[in-house]
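# Close look at the chain arrangement
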Amino acid sequence: MSAPASEPARAPLYVDLDGTLIATDTLWESLCLLVRRDPLRMLALPVWALAGKAALKSRIAERVCPDAALLPYRAEVVERVRAERAAGRRVVLATAAHERIARAVAEELDLFDGVLASSGERNLKSAAKLEAIRRDAGGGPFAYIGDAKADLPIWAAAEQAIAVGASRSLAARLAKQNPAPEHLRIGPPAKRWPALRALRPHQWAKNVLLGAPLVLSHQMTDLARLGAVAAGFAAFCLVASAGYLINDMLDIEADRRHATKRTRPFAAGTLSIAQGLLWTLLLLTTGFALSACFVSGPFVAMVAAYLAATLSYSLYLKERLFLDVLVLAGLYTHRVLAGGVAAGVEVSSWLLAFSVFFFLSLALVKRYVELIEKSRSEAGTVARRAYQVGDTALVETMGIASGYLSVLVLGLYVSRDDVSRYYSNPEVLWLATPLMLYWISRVWLLARRGELTADPVVFAATDRVSYAIVAAIFLIGVVAALTGG
């Protein structure tokens, strides 16, 4: 006697976790957490992997576990599960993730009647998961919600197959083995092109600093030097984007706790960590190839030093009091030095001194904005920062002082006798100092009012007043160079 048509609706429903219930992979996230919290432990990964994937997951789960409250749950799947359970259906979370992670998710959502997950002895994926489901269902009919090729054997055995966000190729394979699969559509990401967003192309404006030594040495007409700086600019953009990817992969949980950073592609689950690693490898390979083929060996070393500094910042230094802002200021100044290496021109000590004070002010205003945002929500520390809300006034004082010191350095440079070597009328350069004082003061006033974005460089790249000041200073330089006796 055949089962009634309504039987599939009463059959237990098994729900996959990674890529189905959540828009991410908990194993990759766990690896990122492990790198951030205990980087040296990564050396043990090959040894753990030799014991099998189940043992690898277990060893990682013993040390780190993603916060279930912060995971990017798919609203469509959660609502479907809630509706099925409200209708009286037994719902079980069936996942290849480690049982520690699976039970944390089940406890967070309070939607599941049971949990099937990987342990230290068994990796519950594909055929192994199907075996566990059949045993749990008592050999009777069941329904399954999944998202990947590894779920095909389970869908083939399921009386009701439900696919989440399946690609065309996966949907075609599913249709061949199941007469009437159901496709649960998930909404498109709030912002398109997640990979491009993760590269942060708007941050590439910082790399214009590579051109500063060439401009200030008045050698812009030397096409060979100009071409080398252009190639260096492209290389720095690629390597910097790789650094942003690494930073965001390591900062997933901290970003999810932030009011605006939680929409970043990795934190929101719109870009997978596996894809991020592939992008990182591609960007680094291309960036270093450009440096070696079109610039010089010493410039390759400058790019490598920049990458090492950004990795050290992401892994450790960003959580160290004041060292973090010194590193940020140093990374800006490093771009200036790298530009001098690419162009083959000497970077003056005056330019370096100005850069250190000026960029330290920008780094401090970035921390100041974070503290202001934190003070308006709750007291305490900023995620992955060593600063407390009580430090706000001191950070403000140091930042303004550093900015004004950079203008003092500019004034001392203009007053030097040998400036006439580059400028026919160097007295005109004094006009740049009040413009710089105005810009720095305005940035800090806007920050105090809460009208400044977290990154002052990004703010300047979209601010009309900043563009006007840059144009005015450039015009002052041209007039100083071309007029006078």
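Residues numbered from 1 in each chain as written. Predicted model: local features only at pLDDT ≥ 70, side-chain atom pairs only at ≥ 80, totals over all residues. Heavy atoms only, no water.

## Re the packing of aromatic side chains
Scanning the model with the defined rule gives ten aromatic pairs in all. Ring centres of F236 and Y306 lie 5.0 Å apart, and the angle between their planes is 50°; on these two criteria the pair is classed as tilted. Taken together, the residues span a long stretch of sequence, with F236 in helix 12 (residues 223-250) and Y306 in helix 16 (residues 297-315) at a distance of 70 residues. Side by side, F236 and Y306 carry an identical accessibility label, which is buried. With centroids separated by 4.8 Å and ring planes inclined at 20°, the aromatic side chains of Y332 and F359 adopt a geometry described as stacked. With Y332 in helix 17 (residues 323-343) and F359 in helix 18 (residues 349-377), the pair connects residues that are 27 residues apart, well separated along the chain. Judged by relative accessible area, Y332 falls into the buried class, the value being 9%. Taken together through their ring pairs, the aromatic side chains of Y332, F354, F358, F359 and W439 make up a single cluster. (Phe/Tyr/Trp six-rings, centres within 6.5 Å; stacked < 30°, edge-to-face > 60°. Helix = DSSP H or I, 4+ residues; strand = E, 2+ residues; numbered from the N terminus. Buried < 20%, exposed > 50% of the residue type's maximum accessible area, 1.4 Å probe, protein only.)

## Overview of the sheet that holds strand 6 (residues 182-184)
The strand order 3-2-1-4-5-6 describes an open sheet built from six strands, whose pairing is parallel. Of all the strands in the sheet, just strand 3 (114-118) and strand 6 have a single pairing partner and so form its edges. Within this sheet the neighbouring strands show an average axis-to-axis angle of 20°, counted without direction. Against the sheet, helix 4 (residues 53-63) makes contact with strand 2 (91-98) and strand 3, and its axis sits at roughly 95° relative to strand 2, the strand it touches most. (Pairing = 2+ DSSP bridges. Axes fitted to C-alpha atoms, helices over the stretch in contact; angles between N-to-C directions. Contact = heavy atoms within 4.5 Å.)

## Quick notes on the pairing of strand 3
Each regular strand displays side chains that alternate between the two surfaces of the sheet. For strand 3, a buried count of five out of five residues is recorded, marking the element as mostly surrounded by other parts of the structure. Considered for its hand, the β-α-β crossover made up of strand 2, helix 6 (residues 99-109) and strand 3 is right-handed. (Right-handed = clockwise from strand over helix to strand, strands pointing away.)

## Some words on helix 5 (residues 75-86)
Between its first and last C-alpha atoms helix 5 spans 16 Å; for twelve residues at 1.5 Å apiece the expected length is 16 Å, and the two agree. Taken as a whole, helix 5 has its buried residues at V77, V78, R80, V81 and E84. For helix 5, the angular spread of buried residues about the axis comes to 160°, placing them on one side. Summarising the contacts, the buried residues of helix 5 are in contact with strand 1 (13-15), strand 2, strand 4 (143-146), strand 5 (160-164) and strand 6. (Expected span 1.5 Å × (residues − 1). Arc of directions from axis to C-beta.)

## Details of the environment of V369
With respect to the helices and strands, V369 occurs in helix 18. With a relative accessible area of 3%, V369 lands in the buried category. Residues V369 and R449, 80 residues apart in the sequence, show an inter-C-alpha distance of 9.6 Å.

## Let's talk about unusual backbone geometry
We note that R200 has phi near 50°; this positive angle belongs to a residue other than glycine. Relative to the assigned elements, R200 resides in the loop between helix 10 (194-199) and helix 11 (212-216). Judged by its relative accessible area of 11%, R200 is buried. For H218, which is not a glycine, the phi torsion comes out positive at approximately 60°. Taking the relative accessible area as the measure of exposure, H218 reaches 38% and is therefore partly exposed.

## With respect to the pattern of salt bridges
Counted under the stated rule, the structure contains 22 salt bridges. Ionic pairing is found between E253 and R37, a salt bridge with its closest N-O pair at 3.8 Å. Of the two residues, E253 is situated in helix 13 (residues 252-256) and R37 in helix 2 (residues 26-37); the sequence distance between them amounts to 216 residues. A relative accessible area of 6% means that E253 is categorised as buried. (Salt bridge = Lys/Arg side-chain N within 4 Å of Asp/Glu carboxyl O.)

## Quick notes on the packing of helix 2 against helix 15 (residues 273-294)
Following both chains from N to C, one finds helix 2 and helix 15 inclined at 60°, their axes separated by 9 Å at the closest point. Accordingly, the angle class assigned to the pair helix 2 and helix 15 is oblique. When helix 2 is examined against helix 15, the residues W28, E29 and C32 are found in contact with a partner set consisting of I273, A274 and L277. Looking at the contact of helix 2 with helix 15 residue by residue, the class counts come to five nonpolar, no polar and one charged. (Parallel < 35°, antiparallel > 145°, perpendicular 65-115°, else oblique. Nonpolar A, V, L, I, M, F, W, Y, C, P; charged D, E, K, R; others polar.)

## Structural notes on the state of the cysteines
Considering all chains together, one arrives at zero disulfides under this definition. Here C237 is not cross-linked by a disulfide; its sulfur's nearest cysteine counterpart is in C293, at 18 Å. (Disulfide = S-S within 2.5 Å.)

## Observations concerning a nonpolar patch on the surface
A contiguous nonpolar patch, built from V215, L216, M220, L223 and L226 and spanning about 440 Å² of accessible area, is present on the exposed surface. If you list the elements that add at least two residues to the nonpolar patch, you get helix 11 and helix 12. Looking at L216, the relative accessible area reads 42%, which means it is partly exposed. (Patch = residues over 30% accessible without salt bridge, like charges linked within 9 Å, V, L, I, M, F, W, Y side chains within 5 Å. Areas by Shrake-Rupley, 256 points an atom, 1.4 Å probe, with all protein chains shown as cover.)

## Focus on empty space enclosed by the protein
Enumeration according to the criterion identifies one cavity of 30 Å³ or more in this entry. Counted as a void, the largest cavity has a volume near 50 Å³. The wall of the largest cavity is formed by E29, C32, L33, M249, L250, I252 and E253. For the lining of the largest cavity, the secondary-structure elements that each account for two or more residues are helix 2, helix 12 and helix 13. Split by residue class, the lining of the largest cavity holds five nonpolar, no polar and two charged. (1 Å grid on protein atoms, 1.4 Å probe; cavity = no way out; pocket = protein on both sides within 12 Å on 5 of 7 lines; lining within 4 Å. Points joined across faces, edges and corners; volume = space filled by probe spheres on them.)

## Examining the nonpolar core
Counting 78 residues, the largest nonpolar core has F266, F299, F358 and L452 as the members making the most contacts within it. Looking at which element gives the most residues to this core, the answer is helix 18, with twelve residues. For F358, the residues in contact, after removing those within four places along its chain, are S402, S406, M436, W439 and I440. (Core = buried A, V, L, I, M, F, W, Y, C linked by side-chain atoms within 4.5 Å.)

## Section: the confidence of the model for the chain
When pLDDT is averaged along the chain, the result is 91; 95% of the residues meet or exceed 70. Note that residues 1-8 has pLDDT below 50 and, in this model, six contacts with residues that lie over four places away or in other chains. (pLDDT = per-residue confidence, 0-100.)

## A word on the environment of G165
Summarising the element assignment, G165 is placed in the loop between strand 5 and helix 9 (168-177). What makes G165 partly exposed here is its relative accessible area of 45%. Sequence separation between G165 and S312 is 147 residues, and the spatial gap between their C-alpha atoms is 37 Å. Excluding residues within four positions of it along the chain, G165 makes contact with L184 and I186.

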